Amino acid sequence: MPTERSITRYVERWEDGQVRRITERYRILYAQALSMSQEELFGDGPQLPPSPRPTEGDVEAVRMMLTALMAADRRFGGHRIRRQANDYLTDVVEPMLRGQAPESLKRRLFGLATEFTLRVSAMHLDADQLDRAMSLLGRASSMAAESADTTLTAWVLSRRGEHEMHQAALTSRPNRRATFIQQALAYTEGAAGVARSAPPLGRAFLTTKHALAWSLTGDRARTQRVLGTIWAAYERSGTAEEPEWMDAYGYGHLRHEEARCYVNLGMGRQAVQAAEECLTVRTAARPRAFTLGVLAIGHAQALEIEAACAAAHQLVDLAPKVSSRRVCIRIGEVLDALTPYEDTPAVIELREAAQPVLQGCGL
């Protein structure tokens, strides 16, 4: 057997590039002589499989998969669809980003990957899995930078603000709530600023969360000013080509966000009008559930208790058909809005109907 000294010299020659191949027998000896693992010493542990070479067809395939997953999520939601989306993102989409491709195709891939990651992040936010949602937002931010598409950067900032607003809604500590709202304002103001260069409909969509953040402060004037810029942009829609991902965020989404703003400001009648107009075009189960909750709260603020309970019953009936933690939270918010009228027969009946649903959600 060679001496330890000769083994050490051989390793030094290998490090200098004088030795090209070391047999398995001597790899073991070298590792023992230097008190190191083979992976540490030779740096050739498990290797990633070679990255695929993406094509235009791959881009279309990812787009089709994303469309199918989003349709299923809007209709049903739940763990199974969220897991499928996670797996596809990790196993298919992200490996493509490491492959060799022409620059234009590479940017399209990064743009599509950004959208995919943002939507998966929203699925986790809907399940109240905040850490996972935040982690995905970080990955989406890096992808957006590689895509060189500023509208995607604005979308990431907007989603980040939404994340802060969700946390503000969950906390019972006034100081924490104020901090979350201030952070939401900062992120959404950044999104609105970047979105100034976006096409009209995209600019309207990317600015909605800024209006929502202002509404949480109670500032009616600032909120309505931002809403005015949103609808001014919407009026110019069709004058420029919009991003592909804008298909899901048209008139109905804008009216829904406007209704949320009015609810936050205590403007019940305006909230009811916006929510009712939203429901004329919103057909998917989960989005409708969110808007029904806003409609019910708007009616409660307008002292229309029977109408509030009627809308809330629709929400309660719809909730078991979708798997959404945020829908359950919305039911709780509706019941909170109706607390001053809890002795009313209609409210008593609503609470009884909602109880099994809330228990199923763990609320």
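The present account deals with the structure reproduced in this document. None of the values given here were measured: they were computed from a predicted structure. (Residues numbered from 1 in each chain as written. Predicted model: local features only at pLDDT ≥ 70, side-chain atom pairs only at ≥ 80, totals over all residues. Heavy atoms only, no water.)

1. Some details on the packing of aromatic side chains
Line of reasoning, step 1. Taken as a whole and assessed by the stated rule, the structure comprises nine aromatic pairs.
Line of reasoning, step 2. Ring geometry for Trp155 against Trp245: centres 4.3 Å apart, planes inclined by 20°, an arrangement best described as stacked. With Trp155 in helix H8 (residues 150–170) and Trp245 in the loop between helix H11 (220–235) and helix H12 (251–264), this pair connects stretches of sequence that are 90 residues apart. For the pair formed by Trp155 and Trp245, the shared burial category is buried.
Line of reasoning, step 3. Residues Trp231 and Tyr234 carry aromatic rings whose centres are separated by 5.4 Å and whose planes lie at 80° to one another, so their mutual orientation is edge-to-face. Note that Trp231 and Tyr234 are positioned in helix H11 at a spacing of three residues, about one turn of the helix. (Phe/Tyr/Trp six-rings, centres within 6.5 Å; stacked < 30°, edge-to-face > 60°. Helix = DSSP H or I, 4+ residues; strand = E, 2+ residues; numbered from the N terminus. Buried < 20%, exposed > 50% of the residue type's maximum accessible area, 1.4 Å probe, protein only.)

2. Quick notes on empty space enclosed by the protein
Line of reasoning, step 1. Applying the stated rule across the entire model yields three cavities of 30 Å³ or more.
Line of reasoning, step 2. The computed volume of the largest cavity comes to approximately 50 Å³.
Line of reasoning, step 3. In terms of lining, the largest cavity is formed by Leu118, Ser121, Ala122, Leu125, Ala133, Leu137, Arg159, Glu162 and His163.
Line of reasoning, step 4. Looking at the lining of the largest cavity, the elements with two or more residues in it are helix H6 (103–126), helix H7 (130–147) and H8.
Line of reasoning, step 5. For the lining of the largest cavity, the element with the highest residue contribution is H6, accounting for four residues.
Line of reasoning, step 6. Here the lining of the largest cavity is composed, by residue class, of five nonpolar, two polar and two charged. (1 Å grid on protein atoms, 1.4 Å probe; cavity = no way out; pocket = protein on both sides within 12 Å on 5 of 7 lines; lining within 4 Å. Points joined across faces, edges and corners; volume = space filled by probe spheres on them. Nonpolar A, V, L, I, M, F, W, Y, C, P; charged D, E, K, R; others polar.)

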